[in-house]
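Per-entry structural report
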Amino acid sequence: MNVYIQTGIMKLALVVATVLLMSGVNSEAPTQGMTLPPTSETTWPKGAYGLPKPDSGCPESDELVFSWTEGLRYHDTEDAVPSNAWSPVFHAAGYYGYNNMEQTFCMKETAATSESSWPSGQYCIFRAKDQACPAGFVDGWIYWDDEDSFNSNYVSGAVPHGVYDINTKIWYCCKPQGIASLPVKLPRTKPFYLLKYGTQCQKVRGMITTEEWFKWDCEDVWNLNDWAGVIPASVIDLNIQIFYCYYTPLYRSEY
């Protein structure tokens, strides 16, 4: 009798673990010491695009197929009573402070690298420079009116499609018609970001999801912040707040 009960508990635990892995997980921390199980979700979808860069570095890629190209946009934000703000937990790479910040990027500049397409869902990515969005995405842009006085904006490396001068205009690619609560399959060996679309972060199979945000304190005088098309979840008025979805593996790997 005791043997039967113990066996039943073990079977139940295995079922629960399988259900967690198959679904999107949002709050439970990864188990210490567990390693990533074998997975076919190791190749990023085809197309040219970009992702926000997390502090752990760009997502893993098969270097025989493509390598991420990194870059950044330095925003000279409002100097008078500077008040940039960010979520209590914010995993973005680069410098950010109350005055000035860096947006950092992982850009995939080679389109034909995989047979897989981006799965249906609700999320956004960056549009690659001088290239159309991958199939199934709709584009849009956000315009930052950065600091007017003694502006020190600059770019370095690979950045999304946009305009980078004393102000900033960045283009996005968004999937607005899927179901965010249905987990999608994406590579899950290292943390990565997607940009939030709609009211909740897209669930990703085998990943823990954390919603994060950053708020830019834009130019106070004759502010020209603007947007058009389909864009990430955001609040755009005299300042700009954008919402991110940070994903970290349910199972630990060597990142």
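For clarity, every value in this text was computed on a predicted model and none was experimentally measured.

Let's talk about the packing of aromatic side chains
Centre distance and the angle of the planes are the two values used to describe a pair of aromatic rings. What the rule picks out here adds up to 24 aromatic pairs. Ring centres 5.8 Å apart and planes at 5° place the aromatic pair Trp86 and Phe214 in the stacked group. With a gap of 128 residues between them, Trp86 in strand β3 (residues 85-86) and Phe214 in strand β11 (residues 207-216) connect regions that are remote in the sequence. Classification of Phe214 by relative accessible area gives buried; the value is 0%.

Structural notes on the state of the cysteines
Overall, the coordinates contain four disulfides when judged by the stated rule. Residue pairing for Cys124: its cysteine sulfur links by disulfide to Cys174, the two sulfurs lying 2.0 Å apart. Judged by the sign of its S-S torsion, about 110°, the cystine formed by Cys124 and Cys174 is right-handed. With Cys124 in strand β5 (residues 123-127) and Cys174 in strand β9 (residues 168-175), the pair connects residues that are 50 residues apart, well separated along the chain. By relative accessible area, Cys124 is classed as buried at 0%. Relative accessible area serves as the criterion here: at 0%, Cys174 is assigned to the buried category. When the bonded cysteines of the protein chain are numbered from the N-terminus onward, they pair as 1-2, 3-6, 4-5, 7-8.

With respect to the pattern of salt bridges
Counted by the stated rule, this structure contains three salt bridges. Glu70 is paired through a salt bridge with Lys53; the nearest N and O atoms lie 2.5 Å apart. Placement of Glu70 in strand β2 (residues 69-75) and of Lys53 in the loop between β1 (49-52) and β2 is noted, with a sequence separation of 17 residues between them.

Description of the nonpolar core
Counting 27 residues, the largest nonpolar core has Trp144, Tyr172, Trp216, Ile242 and Tyr244 as its most contacted members. It is strand β14 (residues 240-249) that contributes the most residues to this core, four residues altogether. Each residue touching Trp144, except ones within four places of it in the same chain, is listed here: His75, Gln103, Asn167, Thr168, Ile170, Tyr172, Trp216, Cys218, Asn225, Ile240 and Ile242. Counting 22 residues, the second-largest nonpolar core is a separate cluster that includes Trp44, Leu186, Leu194 and Cys245.

Notes on the pairing of strand β4 (residues 101-108)
Counting buried residues in β4 gives eight out of eight residues, a clear majority hidden from the surface. Every second residue of β4 is oriented toward a common face, with Met101, Gln103, Phe105 and Met107 on one face and Glu102, Thr104, Cys106 and Lys108 on the other, all of them buried. The sheet contact formed by β1 and β4 spans four bridges and is antiparallel. The residue bridging Gly50 from the neighbouring strand is Met107, located in β4. Pairing between β2 and β4: seven bridges, direction antiparallel. Among the inter-strand pairings, Tyr74 is bridged to a residue of β4, identified as Glu102.

So, unusual backbone geometry
Even without being glycine, Asp130 reaches a positive phi, approximately 60°. Take Asp130: it is sitting in the loop between β5 and β6 (138-144). Under the relative-accessibility criterion, Asp130 is labelled exposed at 59%. For Phe150, which is not glycine, the phi dihedral falls at a positive 50°. Turning to its location among the elements, Phe150 is positioned in the loop between β6 and β7 (154-157). Take Phe150: its relative accessible area is 82%, and that puts it in the exposed class.

Calculation criteria
Residues numbered from 1 in each chain as written. Predicted model: local features only at pLDDT ≥ 70, side-chain atom pairs only at ≥ 80, totals over all residues. Heavy atoms only, no water. Phe/Tyr/Trp six-rings, centres within 6.5 Å; stacked < 30°, edge-to-face > 60°. Helix = DSSP H or I, 4+ residues; strand = E, 2+ residues; numbered from the N terminus. Buried < 20%, exposed > 50% of the residue type's maximum accessible area, 1.4 Å probe, protein only. Disulfide = S-S within 2.5 Å. Salt bridge = Lys/Arg side-chain N within 4 Å of Asp/Glu carboxyl O. Core = buried A, V, L, I, M, F, W, Y, C linked by side-chain atoms within 4.5 Å. Contact = heavy atoms within 4.5 Å. Pairing = 2+ DSSP bridges.

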